[in-house]
Amino acid sequence: MRQKLLSEGAKELSYEIREIVKKADQLQKLGVTISWENIGDPIQKNHKLPQWIKDVIADLMKQDDTYSYCPSKGMLATREFLARQTNAMGGVQITADDICFFNGLGDAISKAYQFISRTSRVIGPSPAYSTHSSAEAAHAAHEPLTYKLDPDNKWYPDLDDLYNKIKYNPNVVGILIINPDNPTGMVYPLETLQRIVAIAKEFNLFLLADEIYINITYNGARAYSLAEIIGDVPGISMKGISKEMPWPGSRCGWMEYYNRDKDQDFNRFCQALDNAKMIEVCSTKLPQLAIPKILGDPRFKGYREATNTNIGRRSKIISDILGTVPELTFNETFGAFYNTIIFREGVLKPHQKMRIDNAEVRTLVEAWVNQDDIQQDKRFVYYLLGSKGVCVVPISSFCSELQGFRVTLLEEDEDTLVRTFTAIRDGLVEYLAS
């Protein structure tokens, strides 16, 4: 090209949650049956939406105006509905003008980091959700900046690590919270959130909260929304319906801006996000129209509570199966629908393997693992894929120095769930003993 075409930040864009699918697809062509534990899609894992929800959406599709453009920030009635929900928490108060819709949180995340100054950084948790860490790193053309989640303390944030990294890095302008957390399934305690708010206030930072799982908690846990605890600190909450309704194919998410009036720079940043959506005209209209009708229906609360109870039961089943392997650090989950399992230090070796009877599959897996720079947890994941047909994601791909893997808690057929996680356990035992 006449001039350099690709930005330096482009090399930071990666998404192992989808990348592993390419490997699994190759094995499928060789006859391997795959159990997909790589991505958080409840529909793919046999979840059935209630008929009344389908009826709401079907009725909307019969209306002519469903097919037109909507306002750039989103449908006013829907934004007013969501503002009332947030205000009912009794914390920060917002209006419909403080809400902007995007085509899923992936779109919102990309926009958020795109308009942050190149030299400014947002520090996020590690293990990190790839969409955030990749977008933040790409905007800065540098590796992601993270604070530690501690597997030896229920995956809670290491607040000393967070504080010191902010104190000694004046480029930090914001703190990312993912609550409940992906990939760990941890729910931030109230005291932890209050301390993070205090840190943000001390250093004049804004808070960015990914709350896509905020209403997915179980086994006694309660997730506190940013709106409840933020006080007068500027912040943005990211929410959506892909996990909660669930309707992942709708690509419908939104940002809620908190305390825009408290900081002029933050207000200009929010305005830039609104302007970016205006240039695109608008976000997808159909799911916006459905939100008040579904989330506001008295049947939705009971449906969500029953669904959460089922996820909590599956969390216990997985704990009973994988929690018995002594070489693992295993934490039970209380939110979202993932679990991150860590190998204890020193148990992974470069010679370990699992039996693979199919010669073509074995040859392919051996080619994948025989790379000089391959992470040891990725090596395990490839063998698990080839030997047991279970597709999980290595934790080293979540911007972490830890070695482990992430699974989902989504399989609704419990016989299938038990078979899948028994296969993972058997694969672990065989691999670690080899």
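Use the structure listed above.
Since the structure is predicted, the reported quantities are computational estimates derived from the model, not experimental observations. The residue numbering used here restarts from 1 in each chain and proceeds along that chain's sequence as written. Side-chain atom pairs in this predicted model are given and counted only at pLDDT of 80 or more, local residue features only at pLDDT of at least 70, and totals for whole chains, interfaces and linings cover all residues. Note that the side-chain values use all heavy atoms of the structure and ignore hydrogens as well as water.

(A) View of the pattern of salt bridges. Salt bridge, as applied in this entry: a Lys or Arg side-chain nitrogen positioned within 4 Å of an Asp or Glu carboxyl oxygen. For the structure on display, the rule yields 22 salt bridges. Across the salt bridge formed by Lys262 and Asp261, the nearest N and O atoms sit 3.4 Å from each other. For every residue, the accessible area (1.4 Å probe, protein chains only) is compared with the maximum for its type, and the residue is labelled buried under 20%, exposed over 50%, or partly exposed between those bounds. Take Lys262: its relative accessible area is 45%, and that puts it in the partly exposed class. According to the relative accessible area criterion, Asp261 is exposed, its value standing at 66%.

(B) Looking closely at the sheet that holds strand E14 (residues 404–408). With antiparallel pairing, the four strands of this open sheet are ordered in space as E10-E11-E14-E13. Unpaired on one side and paired on the other, strand E10 (328–329) and strand E13 (393–394) mark the two borders of the sheet. Contacts between residues were defined by any pair of non-hydrogen atoms, one from each residue, lying within 4.5 Å. Axis definition: a line fitted to C-alpha atoms, over the contacting stretch in the case of helices. Angles run 0 to 180 degrees between N-to-C directions. Helix numbering and strand numbering both begin at the N terminus, where a helix is a DSSP run of H or I of at least 4 residues and a strand a DSSP run of E of at least 2. Contacting E10, strand E11 (338–343) and E14, helix H14 (residues 414–433) crosses the sheet at an angle of about 170° to E14. Pairs of strands are assigned from DSSP output, requiring at least two bridges between the strands.

(C) Structural context of helix H12 (residues 359–369). Those residues of H12 not exposed but buried are Val361, Val365, Trp368 and Val369. Along the long axis of H12, the arc covered by the buried residues comes to 90°, so they all point the same way. Residues of H12 that are exposed and angled more than 90 degrees away from the buried face: Glu360 and Thr363. By the criterion applied in these results, polar contacts are pairs of N or O atoms within 3.5 Å in which, for protein atoms, one can donate a hydrogen and the other can accept it, and in which residues neighboring in sequence qualify only through two side-chain atoms. Where H12 starts, the residue carrying a side-chain oxygen 2.9 Å from the main-chain nitrogen of Glu360 turns out to be Asn358. This arc corresponds to the set of directions leading from the helix axis out to the C-beta atoms.

(D) Here's a closer look at the sheet that holds strand E3 (residues 121–126). If you trace the eight strands from one edge of the open sheet to the other, you get E2-E9-E8-E7-E6-E3-E4-E5, paired in mixed fashion. Taken across any chain shown, the strands that pair with only one partner, and hence form the sheet edges, are strand E2 (99–102) and strand E5 (156–157). As judged from the six bridges shared by strand E8 (residues 235–240) and strand E9 (residues 253–258), these two strands associate in the antiparallel manner. Its bridge partner lying in E9, Ser237 is registered against Glu256.

(E) A look at the nonpolar core. Here, nonpolar core means buried Ala, Val, Leu, Ile, Met, Phe, Trp, Tyr and Cys residues that are tied together by side-chain atoms lying within 4.5 Å of each other. Within the largest apolar cluster, 75 residues are counted, with the highest numbers of intra-cluster contacts made by Phe405 and Ile424. At seven residues, the largest contribution of residues to this core is made by H14. Setting aside chain neighbours within four positions, we find Ile424 in contact with Leu322, Leu384, Val390, Val392, Phe405 and Val407.

(F) Structural detail: the state of the cysteines. Throughout, a disulfide means two cysteine sulfur atoms within 2.5 Å of one another. Enumeration according to the criterion identifies zero disulfides in this entry. Cys70 carries a free sulfur, and the closest cysteine sulfur to it, the one in Cys282, is 4.1 Å from it. Residue class for Cys70 comes out buried when judged on its relative accessible area of 7%.

(G) Inspection of the packing of helix H13 (residues 376–388) against H14 at higher detail. The geometry of H13 relative to H14 is characterised by a closest axis approach of 10 Å and an angle of 120° between their N-to-C directions. Put simply, H13 runs oblique to H14. For H13 against H14, the interelement crossing comes out right-handed. Residues Gln376, Arg379, Phe380, Tyr383, Leu384 and Lys388 of H13 form the contact with H14, whose own contacting residues are Ala423, Ile424, Asp426, Gly427, Leu428, Glu430 and Tyr431. Angular relationships are summarised with four words: roughly parallel below 35 degrees, roughly antiparallel beyond 145, roughly perpendicular across 65 to 115, and oblique for the angles in between. Crossing chirality is assigned from the near helix's rotation relative to the far helix, an anticlockwise turn below a right angle marking it left-handed and a clockwise turn marking it right-handed.

(H) Seen up close, helix H11 (residues 298–322). Its 25 residues give H11 an end-to-end C-alpha distance of 37 Å, which sits within 8% of 36 Å, the value for a rise of 1.5 Å per residue. Capping of H11 at its N-terminal end is provided by Asp297; its side-chain oxygen lies 2.8 Å from the backbone amide nitrogen of Arg299. Multiplying 1.5 Å by the helix residue count minus one yields the expected span of that helix.

(I) Inspection of the environment of Gly249 at higher detail. Mapping Gly249 onto the fold places it in the loop between E8 and E9. Note on Gly249: relative accessible area 62%, which makes it exposed. Sequence spacing of Gly249 and Pro287 is 38 residues, and the spatial spacing of their C-alpha atoms is 9.9 Å.

(J) Highlighting the packing of aromatic side chains. A pair of aromatic rings is counted whenever rings of Phe, Tyr or Trp (Trp by its six-membered ring) have centres within 6.5 Å, and the orientation is called stacked for planes under 30 degrees apart, edge-to-face for over 60 and tilted otherwise. Under the counting rule described, the total for this entry stands at 14 aromatic pairs. Residues Phe343 and Phe405 carry aromatic rings whose centres are separated by 5.9 Å and whose planes lie at 50° to one another, so their mutual orientation is tilted. With Phe343 in strand E11 and Phe405 in strand E14, this residue pair connects regions lying 62 residues apart in the sequence. Each member of the pair, Phe343 together with Phe405, is buried. In this structure an aromatic cluster arises from ring pairing among Phe343, Phe380, Tyr383, Phe405 and Tyr431. Above the plane of the ring of Trp368 lies Lys23, whose end atom (NZ or CZ) is 5.5 Å from the centre. Cation placement over rings: the criterion is NZ of Lys or CZ of Arg within 6 Å of the ring centroid and within 35° of the ring normal. Between the NZ or CZ atom of Arg222 and the centre of the ring of Tyr224, over which it lies, the distance is 3.9 Å.

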